[in-house]
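# What the coordinates show
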Amino acid sequence: MSLVKPEIRVPIPGPNATKVVERDHRALFTTTKTAPIVAASAKGVWVTDVDGNRILDFTSGVGVVNCGYSHPKIVKAIQDQAAKLIHFAGTDYYYDSQVDLAERLTQIVPGPWAKKVFYTNSGTESNEAAIKIVKAHHPDRQQFLAFQGAFHGRTMGSLAFTASKPVQKRGFFPWMPGVTHVPFPNPYRNAWGIDGYEHPAELANRALDWIETLFSTSLPPEDVAGLWFEPVQGEGGYVVPPKEFYPKLAKLARDHGILLVADEVQSGFGRTGRMFAQEHFGVAGDVTCLAKGIANGMPMGAAVARADLDFDKNGRHSNTYGGNVLATTAGLATLDVLQGEGLVENSARVGEHLHKRLRELQQKREVIGDVRGLGLMQAMEFVKDRRTKAVDPAFKDRVVDEAMKRGLALLQCGKAGVRCIPPLCITEAEVDAGVEVLDQAIRAALA
Ligand SMILES: Cc1ncc(COP(=O)(O)O)c(C=O)c1O
């Protein structure tokens with residue numbers, strides 16, 4: 001029975017971590033690093049750093065390791081495969097594991113139609129593939145829609161769809177032209193700045209009205225090829241839209257022949273308590289973008305699309321590593337574990353417990369303006385004042401830092417949000433241990 005609490009032997013970063021961090025800063029490009037945690041090994045929901053600290057992980061390696069770290073079945077599948085074959089080129093030749101996984105993905109990704117898979121190496125590349133799939137279907141349409149607050153990646157195509165933080169785009173124009181962003185219906189903090197209670201259906205209608213107004217004024221819908229959405233908005237703040245929203249949005253898009261692209265890179269593979277978050281809303285993208293949890297840490301992604309959207313010629317789109325045999329083997333083992341060990345159900349059940357515990361924290365702490373999420377995709381948003389809902393990004397940074405010092409790894413989201421996205425195998429006792437640390441971190445940040 002493992003000890004259900006973090007263990008800090010030396011303050012993070014310890015001496016070994018400090019050396020790595022210093023060398024890293026000299027040798028590597030700047031990315032999105034925020035905390036000096038240097039991982040050495042991990043098991044389940046626990047990460048051990050290079051100084052022997054035992055850290056409770058509420059990040060799943062940025063939403064990836066849904067089955068938990070070092071799951072023996074996944075490790076074995078990768079080891080066995082590595083000993084046989086690591087690479088031959090799955091886009092130019094064939095691997096059976098690619099086909100096995102594609103057959104399973106096409107069965108479980110939402111949408112009643114026949115589907116096909118294009119394998120990628122990351123979330124941004126899945127979105128790049130979706131852009132080409134949509135463009136290939138609508139060569140005469142040059143316009144696209146996406147939501148304010150969206151995150152779809154940082155390469156020059158997906159970057160055009162991303163709209164969660166200006167730093168991602170500043171100075172990088174021109175990215176792909178033709179993307180218009182529309183407000184996302186955020187039940188806590190709506191884009192129209194109207195304070196007070198608004199019925200969810202009314203909020204959904206406002207967001208739809210905005211699109212209809214665009215269509216009747218400046219953006220002819222006949223020119224719009226595709227509409228991108230994250231079923232639960234991730235990097236932009238873990239925003240769950242009103243349940244009425246997506247079915248109506250899908251109808252609006254379909255009435256105009258606009259393809260729907262569901263980005264489930266972060267929300268997929270059990271994260272929200274269903275295999276895919278679209279299932280909560282009864283909606284299905286013509287293309288669904290996947291990555292992160294797909295292979296429990298092996299770098300991999302996929303665009304799963306309506307079969308009739310397949311490219312008409314060899315060579316229109318491809319890559320060298322897509323569907324790498326180690327990654328697809330890990331993907332198959334990941335699905336076996338997710339489905340065979342009840343992890344999606346655990347995500348729903350323990351996610352509810354986590355949500356309840358975070359709500360209890362909110363009762364105690366005025367600074368927590370909102371708690372929201374589905375399954376084990378939960379977040380809290382920090383505010384300076386509950387009435388004005390003025391965000392408090394500096395406080396969020398202090399909480400993340402104080403939590404790390406106490407052995408809890410957290411990630412931010414939105415302007416002042418903190419995500420709680422542990423591996424889906426987490427127990428209620430481990431959630432309680434994390435919430436206890438979170439409470440201490442908030443107390444320290446308030447001091
Ligand atoms: C919804 C969504 N789409 C796309 C991406 C980009 O994925 P990657 O970092 O693997 O390129 C992310 C990453 O956070 C994401 O959350």
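The structure contained in this document is the topic of the report that follows.

The rules behind each value
Residues numbered from 1 in each chain as written. Predicted model: local features only at pLDDT ≥ 70, side-chain atom pairs only at ≥ 80, totals over all residues. Heavy atoms only, no water. Helix = DSSP H or I, 4+ residues; strand = E, 2+ residues; numbered from the N terminus. Rg over C-alpha atoms; globule rule 2.2 N^0.38 Å. Buried < 20%, exposed > 50% of the residue type's maximum accessible area, 1.4 Å probe, protein only. Contact = heavy atoms within 4.5 Å. Areas by Shrake-Rupley, 256 points an atom, 1.4 Å probe, with all protein chains shown as cover. Lys, Arg positive; Asp, Glu negative; His and termini not counted. Charge placed at Lys NZ, Arg CZ, Asp CG, Glu CD. Near = heavy atom within 4 Å. Polar contact = N/O pair within 3.5 Å; in protein donor to acceptor, adjacent residues only side chain to side chain. Nonpolar A, V, L, I, M, F, W, Y, C, P; charged D, E, K, R; others polar. Expected span 1.5 Å × (residues − 1). Pairing = 2+ DSSP bridges. Phe/Tyr/Trp six-rings, centres within 6.5 Å; stacked < 30°, edge-to-face > 60°. Lys NZ or Arg CZ within 6 Å of the ring centre and 35° of its normal. Arc of directions from axis to C-beta.

Each helix and strand in the chain was counted, giving 13 helices and 16 strands. Over its C-alpha trace the chain gives a radius of gyration of 22 Å, about what one expects of a compact globule, namely 22 Å for 447 residues. For the C-alpha atoms alone, the extent of the chain along its principal axes is close to 60 × 60 × 45 Å. Expressed as a percentage of the 447 residues in the chain, the buried residues total 56%. Counting contacts in the chain only where the partners sit at least 6 residues apart, residues at least 24 apart contribute 73% of the total. On the chain, roughly 19,500 Å² of surface is accessible, and the fraction owed to carbon and sulfur atoms is 55%. Averaging the positions of the 51 positive and the 50 negative side-chain charges in the chain gives two centres separated by 4 Å.

Here we come to the site of the ligand. Surveying the vicinity of the ligand reveals the residues Ser-122, Gly-123, Thr-124, Asn-127, Phe-151, His-152, Gly-153, Glu-230, Asp-263, Val-265, Gln-266 and Lys-292. A distance of 3.3 Å is found between a nitrogen atom of the ligand and a backbone nitrogen or oxygen belonging to Phe-151. Between the ligand and Lys-292, the relevant distance is 3.2 Å, taken from an oxygen atom to a side-chain nitrogen or oxygen of the residue. When the ligand is considered free in solution it has 390 Å² of accessible area, and contact with the protein chains removes 82% of it. The leading source of residues in the shell around the ligand is helix α5 (residues 123-137), at 3 residues. When grouped by side-chain class, the residues that make up the shell around the ligand number 2 nonpolar, 7 polar and 3 charged.

Its 22 residues place the ends of helix α11 (residues 343-364) 31 Å apart at the C-alpha level, agreeing with the 32 Å of an ideal helix rising 1.5 Å per residue. Of the surrounding secondary structure, the elements contacted by the buried residues of α11 are α10 (325-340), β11 (368-374), β12 (377-385), β16 (417-420) and α13 (428-446).

This brings us to the pairing of strand β10 (residues 301-306). For β10, a buried count of 6 out of 6 residues is recorded, marking the element as mostly surrounded by other parts of the structure. Sheet topology note: the strand β4 (residues 115-120)/β10 ladder contains 6 bridges and is antiparallel. Counted as the bridge partner of Lys-116 is Ala-305 from β10. In terms of strand pairing, strand β9 (residues 287-290) meets β10 through 4 bridges, oriented antiparallel. Looking at the pairing, Leu-290 lines up with Ala-302 of β10.

Right, let's get into the packing of aromatic side chains. Applying the stated criterion across every chain yields a total of 13 aromatic pairs. Members of the aromatic cluster, each reached through a chain of ring pairs, are Phe-147, Phe-184, Phe-229, Phe-245, Tyr-246 and Phe-281. Residue placement shows Arg-54 over the ring face of Trp-46; its charged tip is 4.0 Å from the ring centre. The cationic tip of Lys-389 hangs over the ring face of Tyr-188; the distance from NZ or CZ to the ring centre is 4.5 Å.

This part covers the pairing of β12. The buried fraction of β12 amounts to 7 of the 9 residues, a majority that puts the element mostly inside the structure. Sheet analysis places β11 next to β12, joined by 6 bridges and oriented antiparallel. For Ile-368, the partnering residue across the bridge sits in β12 and is Phe-382. Where β12 lies against β16, 4 bridges are found, and the strand directions are antiparallel. Bridge assignment links Gln-378 to a residue of β16, and that residue is Cys-420. With 2 bridges joining them, β12 and strand β13 (residues 390-391) adopt antiparallel strand pairing. Bridging from a neighbouring strand, Asp-385 pairs with Ala-390 of β13. Hairpin connection of β12 to β13: 4 residues between the antiparallel strands, including Lys-389 at a positive phi of 60°.

Taken together, the buried positions of helix α8 (residues 245-255) are Phe-245, Tyr-246, Leu-249, Ala-250, Leu-252 and Ala-253. With its buried residues spanning 165° around the axis, α8 presents them on a single face. Structural note: α8 exposes Lys-251 and Asp-255 on the side pointing more than 90 degrees away from its buried face. Looking one or two residues beyond α8, the residue adopting positive phi is Gly-257, at roughly 70°.

The subject of this paragraph is the sheet that holds strand β1 (residues 39-43). Strand order in the open sheet formed by 4 strands is β1-β2-β3-β14, and the pairing between neighbours is mixed. This sheet does not close on itself; its edge strands, each paired only once, are β1 and β14 (408-409). Summarising the sheet, strand β2 (residues 46-49) and strand β3 (residues 54-57) pair through 3 bridges and their orientation is antiparallel. Across the sheet, Trp-46 pairs through a bridge with Leu-56, a residue of β3.

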